[in-house]
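Listed below, chain by chain, are the residues.
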Amino acid sequence: MKLPLSDHEYGEHGAVLPPQNHATHDGADIDLAVRTGIYRKLQEMRQFESRAYDLFMRQLVKGTSHLSLGMEAIAAGFGAAMRSDDYTFATYRGHAHTLARGVPMTPVMAELLGRSNGLMSGKGGSMHLTSVEHGMMGSYAIIGAHLTIANGAAWSAQYRGTGQVAVCFFGDGTTNIGAFHEALNYAAVYRLPVVFVCENNLYMEYTAIADITAVQHPAADRASAYGLGSQVIDGNDADAVYLAASAAIERARAGEGPSLVEALTYRHGGHSRADPGKYRPEHEVAAWKAYDPIPLYRARLVRLGVEEAELDLIDKEVAGAVDLATEEAIAGDLPSPESAFTDVWADGGSSWRN
Amino acid sequence: MKLPLSDHEYGEHGAVLPPQNHATHDGADIDLAVRTGIYRKLQEMRQFESRAYDLFMRQLVKGTSHLSLGMEAIAAGFGAAMRSDDYTFATYRGHAHTLARGVPMTPVMAELLGRSNGLMSGKGGSMHLTSVEHGMMGSYAIIGAHLTIANGAAWSAQYRGTGQVAVCFFGDGTTNIGAFHEALNYAAVYRLPVVFVCENNLYMEYTAIADITAVQHPAADRASAYGLGSQVIDGNDADAVYLAASAAIERARAGEGPSLVEALTYRHGGHSRADPGKYRPEHEVAAWKAYDPIPLYRARLVRLGVEEAELDLIDKEVAGAVDLATEEAIAGDLPSPESAFTDVWADGGSSWRN
Amino acid sequence: MAQLTYRDAVARGIAQEMRRDERVVLIGEDVAGAGGVFKTTVGLLAEFGPKRVIDTPISEQAILGAAMGAAMTGLRPVAEIMFSDFFAVCWDIVVNEIAKTRYMTDGQVVLPLVIKTGNGGGLRFGAQHSQSIENWAMAVPGLKVVTPSTPEDVVGLMAAAVRSDDPVMFFEHKGLYSSKGEVPDGDIVDSLGTAKIRRPGTDATILALGMMVPRALAAADQLAGRGISAEVIDVRSLVPLDTATILSSLSRTGRLFTVEENPRLLGWGAEIASIAAEEGFWDLDGPIQRITTPHIPLPSADSLEDLVMPSADSVATTVEKALQS
Amino acid sequence: MAQLTYRDAVARGIAQEMRRDERVVLIGEDVAGAGGVFKTTVGLLAEFGPKRVIDTPISEQAILGAAMGAAMTGLRPVAEIMFSDFFAVCWDIVVNEIAKTRYMTDGQVVLPLVIKTGNGGGLRFGAQHSQSIENWAMAVPGLKVVTPSTPEDVVGLMAAAVRSDDPVMFFEHKGLYSSKGEVPDGDIVDSLGTAKIRRPGTDATILALGMMVPRALAAADQLAGRGISAEVIDVRSLVPLDTATILSSLSRTGRLFTVEENPRLLGWGAEIASIAAEEGFWDLDGPIQRITTPHIPLPSADSLEDLVMPSADSVATTVEKALQS
Ligand SMILES: Cc1ncc(C[n+]2csc(CCOP(=O)(O)OP(=O)(O)O)c2C)c(N)n1
Ligand SMILES: Cc1ncc(C[n+]2csc(CCOP(=O)(O)OP(=O)(O)O)c2C)c(N)n1
Ligand SMILES: [Mg+2]
Ligand SMILES: [Mg+2]
């Protein structure tokens, strides 16, 4: 194979377009109840993040934040396949993964707003959403680290014999950092019950993954380096994700070790709040917006006989929940000044001296 | 493939034995002059390090040091294939690689003894041998880093258009650290003129590589993760090394990018001064000692018609050189106290204030 | 004389040096096509082309290793680590390799390179994207360490850093990127290792760095209104450290305060306070006080972040109280 | 009561806790089969088996990440980083993840883990294998930091570290591994955050850590012969810091000295000196002096290494001169 940049100038790599056949997984053996559940999650994620975006625009969310609009099928598909005591490790782009585990919207929204009713009382922020009680073991904002931490949770589950599985989400750009390599080898060596999920949205921040990666599929083409099978799935089709997730989680639970799943997807917007995403070819953006996981899934459910009215009801219920969460978040108090000084240490405080 | 430790208990992996056919490369198209040059280097490395070992035993070498007894064919084969302005990046196990570039023995020996006539006046020590004037760009003692640094030298050569190539040596254990992964991808992306050489001696320090690595060939089985070809060579046969080195260096010089070469070898002794190497199966050690690169090469030269007397003469000349270097090193002064305070900064000094 | 933002000054400083010396090259994540995530390298790809301005993978160790290897062999690279917090993933290359190699090789290896980075808090980025870590670098022999606080200093110190034959850690303050200042026309070359008295005073010496400089100046304004004349020194360079300027100020004022954004323990102020407690001891009319962020990770909520970082008010209050007692 | 080496005390401390609590597990490079490259974990694989004592690849980030993830989910891991210099390759996991996660999650995540490491110089290992980096850890909120200087303290502080629900950086001094000391029989549990007065005195307070403790004690012996009564405090724990013991000693002696193995700038002594210059200012009868390795990488030659590190002689001389002037 040719090396990147050996056959194209920087920025002149070809566009990567989504699949055309929307019906591929219509016939998959997935319960309709599971599927409507997935649909509801997709709606929650989409509507929640759309609202979050509005709140940024209204200057209510400070700092930065990273939306996964367009990428929801991965979070929803995995969320549906996980057991309630499984562990999620996500990134700064972690709103959807947090909702996927059943974390209520209000504390998530309130955390974005820096309020005392936030999930971490305003101390963590959008990039660090965590709800241990829901198995949401954290959102990590330095590239690479959390793959190694997910291993630790998987090791602990293996040691304790609980059958829990750790699922770790990260982006295409993350496959080029050292910790990725260490984590994958480590997981394979000790056959840890962990599933690594590369959400390949084709870009790191503003740089195309093809420009700075030696292989076409940044995760799948490296699986063999860890003795693992190579898998690329359609990350915009929640059923494809659900099937791959179920298989990988099953494998992990059965003691057969880790998996590495590369899910192809796309973000509708820019990398973060500050980014309009203009470095991407227009027709690429347009093609992927047309291959939106949510209408895709809705259309499938309709083909499978679900009433439009039932789906409309879900949409409406979700809208209500988002409205309520927004209200409750905005109504939240600012964190108390004392809270800045709690929980550095296990004794609850922050004192470093006697 | 099975994951390591999934099919064997820790420490119960099978022994890895050397090839049996010693004549494989007899017919290789390599100048006899080159070959006698390689033989001389092999002798220099062997006799130098044997002497160094004696000096440790006599408490003249302080601290630690890492011998490559048994692994010399890699340094000698590459050394012979490199252009005088090419760059070497080696590890703490770098005596042989330093001699391979033509660095005289006395300053190397004196550095081991911490004398002022040492290669770095006693400031670097055995683990950091460097002679910029000989293209020996350093010996690095923290695993992984120097692969990334070799990239930089290769980048600079590419930028300056000099045709120089950087050759970077490291061990099997090093393939599991993050920097390995970053460096390989980076080199491939920018098509850097660098050759990565994994000296696979089957063990990291005391742990068998098979116990803690997800693939059988820690380097070669990962080459495809960087779009590179997979190569495993006989690291005890200097001709095999010379051929692979020449090809990889040629490729790099021609602008075709990096290579990753895995050379199978074995160390005769322990990891470092402190280690008797007892964790290795006796028959494995015995088999590899019987497949010693130096008698192997000598026998080949004899088969190819070189007089034993000529080879004896080389051995003797080398012995004389080692004796002289030993004397000169032992006779060296201790470093002057002031030298501890020079060359922190480019102004020659160490002052951090005005 | 132009009004320039701090962020534009970064690009101007680099461009000035790239024009002068073609051995100067720039690498980092998103520095080329995007002009940097903080827009500090805008225009450089267009002017100097893709051989000299290079986007990299997310591989901080590979970035700094490449910069080091290139510096060893004839180039003068500028490498960007996007947020200074990310030094933690490549600290080995900085402290074990870049900082030590000249010394270990007895001067054989020269390392003319600059590592630039976005440092500091105030942007509500939370604990992993807001750290002030000049102190990490100051603690490592072999690294020069600068933090400019004005656009003019950005240009001049960048030039000095690029021209230095030693590795320089160049800390840009993220909270200052949109601040503006006058920058003289033409080439500007400042010198490393020099502090600047930003405001002379007689009653107390206040040392500050980066974004704390404007806050210290604002505090001095407040103090002036309360009859206290505070001298504000912009430390600018931690290594080399301009102890002469600092100790001479102390000898005139008799009181020393540091304003530090970093967590309390072992911030840069601890070194200067210790130097003062030894060499300036007999000049001291009272305790040395360090005004720092408490020893906690930085919280993300805006109200909490504002609460814990030193502010003009907290500086003024601390100095006033100290001088009264 | 047994005579134990410092290295054996490490294994004994870990074994004591592994026997008590099966959630305690040990991982690191060569810690199992080989019993550790410094032989500090000998016998643990045999006693506790390969599920609890695990050899890892050379993957320091993966090691500490595994320790962290396991600590978050019910285990109490002890992880070894072979030489403390190698923290530079995994510093991100330490400072950005382990240190900050409890705070960022508002206490949801508990991290009961210990990271043990071989620290310090004196073994002629050169600049990359001899560093004393307690100060790196001290500067990061969220980490507890201990350095024992005697075998008994090794056992007791290891036990305290394992029982702590906070992450503890456990610095073993490589230069002390073969030193011996009496260790009482039975379980020993010390407490974090406490300094120990090793030798009482009235004229000067000398603070030391790790291998500098025996040197400071030897210096105090010398000083006694010259009529100076020096109090030697083994700081033991940098975080939490026993400021009470330190400041009360200063209030009695009026003079403060630190003996630090680390390079000069921002060693742990800088923090304590700064605290003293603020809170103990009125107790000070003269300048605070830090006796440190100069601000250089450590040279490898034995003669140079001995020259630059603080010695009993250099400590005694410095203290004597200071008290005379
Ligand atoms: C070590 C490190 N380097 C750089 C960054 C800055 N950064 C944040 S997100 C990002 C891009 C990540 O790309 P990818 O893994 O594809 O995830 P995506 O954002 O596309 O979901 C970068 C470079 C970081 N957070 N950590
Ligand atoms: C980051 C880091 N981790 C651990 C070590 C300690 N160490 C030194 S050599 C070594 C083994 C290296 O094994 P390998 O790469 O196979 O090289 P070999 O010594 O066999 O030539 C280890 C673990 C180190 N120097 N740096
Ligand atoms: Mg991406
Ligand atoms: Mg090896």
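Caption draft 1: How the structure looks around the overall build of chain A. Helix and strand content of chain A: 10 helices and 6 strands. Taken over the C-alpha trace, chain A has a radius of gyration of 20 Å; the compact-globule value for 354 residues is 20 Å, and the two agree within 12%. Along the first, second and third principal axes, the C-alpha atoms of chain A reach 60 × 50 × 45 Å. Each of the 354 residues in chain A was classed as buried or not, and the buried ones make up 66%. Intrachain contacts of chain A at a sequence separation of at least 6 include 76% that bridge at least 24 residues. Accessible surface, chain A as shown: approximately 11400 Å² in total, 52% of it carbon and sulfur. Once the 28 positive and 43 negative side-chain charges of chain A are each reduced to a mean point, those two points are 3 Å apart.

Caption draft 2: Seen up close, the sheet that holds strand 9 (residues 196-199) of chain D. Residue and element names in this part refer to chain D. Strand order in the open sheet formed by 5 strands is 9-11-10-13-14, with mixed pairing between adjacent strands. Two strands bound the open sheet, and with one partner strand each, they are strand 9 and strand 14 (289-293). Adjacent strand axes in the sheet meet at a mean angle of 25° when their direction is disregarded. In this structure, strand 13 (residues 256-263) lies alongside strand 14, joined through 4 bridges in parallel fashion.

Caption draft 3: Geometry of the interface of chain C and chain D. Taken together, the contact pairs 51 residues of chain C with 51 residues of chain D. Taken together, the two surfaces of chain C and chain D that pack against each other cover about 4400 Å², and 63% of this comes from carbon and sulfur. Of all residues in chain C, the largest losses of buried area upon contact with chain D belong to Y103, L266 and E278 of chain C, amounting jointly to 15% of the total for that side. The interface formed by chain C and chain D holds 4 salt bridges in total. E271 of chain D is paired through a salt bridge with R290 of chain C; the nearest N and O atoms lie 2.8 Å apart. Broken down by secondary-structure element, the contributors of at least two residues to the side of chain C that touches chain D are helix 4 (91-98), helix 5 (101-104), helix 6 (134-138), helix 10 (268-279) and strand 14 (289-293) of chain C. The dominant element in the side of chain C that touches chain D, judged by the number of residues it contributes, is helix 10 of chain C, at 9 residues. Its residues assigned to classes, the side of chain C that touches chain D comprises 31 nonpolar, 11 polar and 9 charged.

Caption draft 4: Structural context of the confidence of the model for chain C. Mean pLDDT over chain C works out to 98, with 100% of the residues at or above the 70 mark. Two summary scores accompany this predicted model of the complex, namely pTM at 0.98 and ipTM at 0.98.

Caption draft 5: Structural context of the coordination of the magnesium ion (ligand 4). The protein atoms that coordinate the magnesium ion (ligand 4) are D172 of chain B (OD), N201 of chain B (OD1) and Y203 of chain B (O), at distances spanning 2.0 to 2.2 Å. What makes Y203 of chain B buried here is its relative accessible area of 3%.

Caption draft 6: Region of interest: the site of ligand 1. Taken together, 22 residues are adjacent to ligand 1, and Y92, R93, G173 and T174 of chain A together with E60 of chain C come closest. Mapping the residues near ligand 1 onto chains gives chains A and C. Between ligand 1 and A141 of chain A, the relevant distance is 2.9 Å, taken from a nitrogen atom to a main-chain nitrogen or oxygen of the residue. Here a nitrogen atom of ligand 1 and a side-chain polar atom of E60 of chain C are 2.5 Å apart.

Caption draft 7: Here's a closer look at the domain arrangement of chain C. Residues and elements named next belong to chain C. When its domains are assigned, chain C resolves into domain 1 (2-183) and domain 2 (196-324). The interface is formed by 25 residues belonging to domain 1 together with 28 residues belonging to domain 2. Interface area, domain 1 with domain 2, both sides summed: about 2100 Å², of which 57% is carbon and sulfur. The largest per-residue losses of area from domain 1 upon contact with domain 2 belong to R124, N135 and M138, which jointly make up 30% of the total buried on that side.

Caption draft 8: A look at the side chain of H173 of chain C. All names here are of chain C. With respect to the secondary-structure elements, H173 resides in strand 7 (residues 168-173). Classification of H173 by relative accessible area gives buried; the value is 3%. One polar contact links H173 to E261, side chain to side chain, over a distance of 2.6 Å.

Caption draft 9: Just the relation of the copies chain C and chain D, in detail. Once chain C has been moved 0.0 Å along the axis and rotated by 180°, it coincides with chain D to within an RMSD of 0.0 Å. Such values leave the two copies arranged in the relation of a two-fold axis. With an isologous cut-off of 70% or more, the 100% of interface residues of chain C that recur at the interface of chain D puts this contact in the isologous class.

Caption draft 10: Just the site of ligand 2, in detail. Looking at ligand 2, there are 22 residues lining it, with Y92, R93, G173 and T174 of chain B together with E60 of chain D nearest. More than one chain approaches ligand 2, the contributing ones being chains B and D. Contacts to ligand 2 include A141 of chain B, whose backbone N or O atom sits 2.9 Å from a nitrogen atom. Within the side chain of E205 of chain B, an N or O atom sits 2.8 Å from a nitrogen atom of ligand 2. Alone, ligand 2 offers 570 Å² of accessible surface; in the complex the protein occludes 98% of this.

Caption draft 11: Inspection of the interface of chain B and chain C at higher detail. At the junction of the two partners, chain B supplies 40 residues and chain C supplies 53 residues. Here chain B and chain C share an interface that buries about 3900 Å² over both sides, 60% of which is from carbon and sulfur atoms. Summed over the three residues of chain B that lose the most area to chain C, namely W155, Y159 and W345 of chain B, the buried surface amounts to 19% of that side. In this assembly, chain B and chain C are joined by 3 salt bridges. Put simply, R102 of chain C and D343 of chain B hold a salt bridge, and the shortest N to O gap is 2.6 Å.

Caption draft 12: Just the sheet that holds strand 1 (residues 87-91) of chain A, in detail. Residues and elements named next belong to chain A. With parallel pairing, the 6 strands of this open sheet are ordered in space as 2-1-3-4-6-5. A strand with exactly one partner marks an edge of an open sheet, and here the two such strands are strand 2 (136-140) and strand 5 (232-234). Averaged over all pairs of adjacent strands, the angle between their axes in this sheet comes to 20°, without regard to strand direction. Sheet analysis places strand 1 next to strand 3 (residues 166-171), joined by 3 bridges and oriented parallel. Paired with F89 across the strands is C168, a residue of strand 3. Running at roughly 145° to strand 4 (residues 194-200), helix 6 (residues 178-189) makes contact with strand 3, strand 4 and strand 6 (259-264) of the sheet.

Caption draft 13: Spotlight on the state of the cysteines. Evaluation of the coordinates by the stated rule reveals 0 disulfides over all chains. Between C90 of chain C, a free cysteine, and C90 of chain D, which holds the nearest cysteine sulfur, the sulfur-to-sulfur gap is 13 Å. Among the residues examined, C90 of chain C registers a relative accessible area of 0% and is labelled buried.

Caption draft 14: Looking closely at the packing of helix 5 (residues 145-160) of chain B against helix 3 (residues 60-72) of chain C. Running from N to C, helix 5 of chain B and helix 3 of chain C cross one another at 50°; their axes reach a closest spacing of 6 Å. As far as their axial angle goes, helix 3 of chain C and helix 5 of chain B are oblique. Crossing geometry of helix 5 of chain B relative to helix 3 of chain C is assigned as right-handed. Within the contact between the two elements, helix 5 of chain B uses T148, I149, G152, A153, W155 and S156 of chain B and helix 3 of chain C uses Q61, A62, G65, A66, A67, M68, G69, A70 and M72 of chain C. Broken down by class, the residue content of the contact of helix 5 of chain B with helix 3 of chain C amounts to 9 nonpolar, 6 polar and no charged.

Caption draft 15: Broad picture of the pairing of strand 2 (residues 136-140) of chain B. Residues and elements named next belong to chain B. Burial of strand 2 is extensive: 5 of the 5 residues sit out of reach of the surface. One ladder, built from 3 bridges, connects strand 1 (residues 87-91) with strand 2; its direction is parallel. Across the sheet, T91 pairs through a bridge with Y140, a residue of strand 2.

Caption draft 16: Representation of the environment of L75 of chain C within the structure. With respect to the helices and strands, L75 of chain C occurs in the loop between helix 3 and strand 4 (76-83). The spatial distance from the C-alpha of L75 of chain C to the C-alpha of D21 of chain C is 9.7 Å, given a sequence separation of 54 residues. Discounting residues that sit within four places of it in the chain, L75 of chain C has contacts with S156, Y159 and R160 of chain B together with R23, V25, A70 and P112 of chain C.

How each quantity is defined
Residues numbered from 1 in each chain as written. Chains lettered and ligands numbered in written order. Predicted model: local features only at pLDDT ≥ 70, side-chain atom pairs only at ≥ 80, totals over all residues. Heavy atoms only, no water. Helix = DSSP H or I, 4+ residues; strand = E, 2+ residues; numbered from the N terminus. Rg over C-alpha atoms; globule rule 2.2 N^0.38 Å. Buried < 20%, exposed > 50% of the residue type's maximum accessible area, 1.4 Å probe, protein only. Contact = heavy atoms within 4.5 Å. Areas by Shrake-Rupley, 256 points an atom, 1.4 Å probe, with all protein chains shown as cover. Lys, Arg positive; Asp, Glu negative; His and termini not counted. Charge placed at Lys NZ, Arg CZ, Asp CG, Glu CD. Pairing = 2+ DSSP bridges. Axes fitted to C-alpha atoms, helices over the stretch in contact; angles between N-to-C directions. Buried area = accessible area lost by both parts, 1.4 Å probe. Salt bridge = Lys/Arg side-chain N within 4 Å of Asp/Glu carboxyl O. Nonpolar A, V, L, I, M, F, W, Y, C, P; charged D, E, K, R; others polar. pLDDT = per-residue confidence, 0-100. Donors = N, O, S within 2.8 Å, 3.2 Å for Na, K, Ca; no water. Near = heavy atom within 4 Å. Polar contact = N/O pair within 3.5 Å; in protein donor to acceptor, adjacent residues only side chain to side chain. Domains from an automatic or database assignment. Least-squares fit on C-alpha atoms with pLDDT ≥ 70 in both. Disulfide = S-S within 2.5 Å. Parallel < 35°, antiparallel > 145°, perpendicular 65-115°, else oblique. Left-handed = near helix turned anticlockwise from the far one by under 90°.

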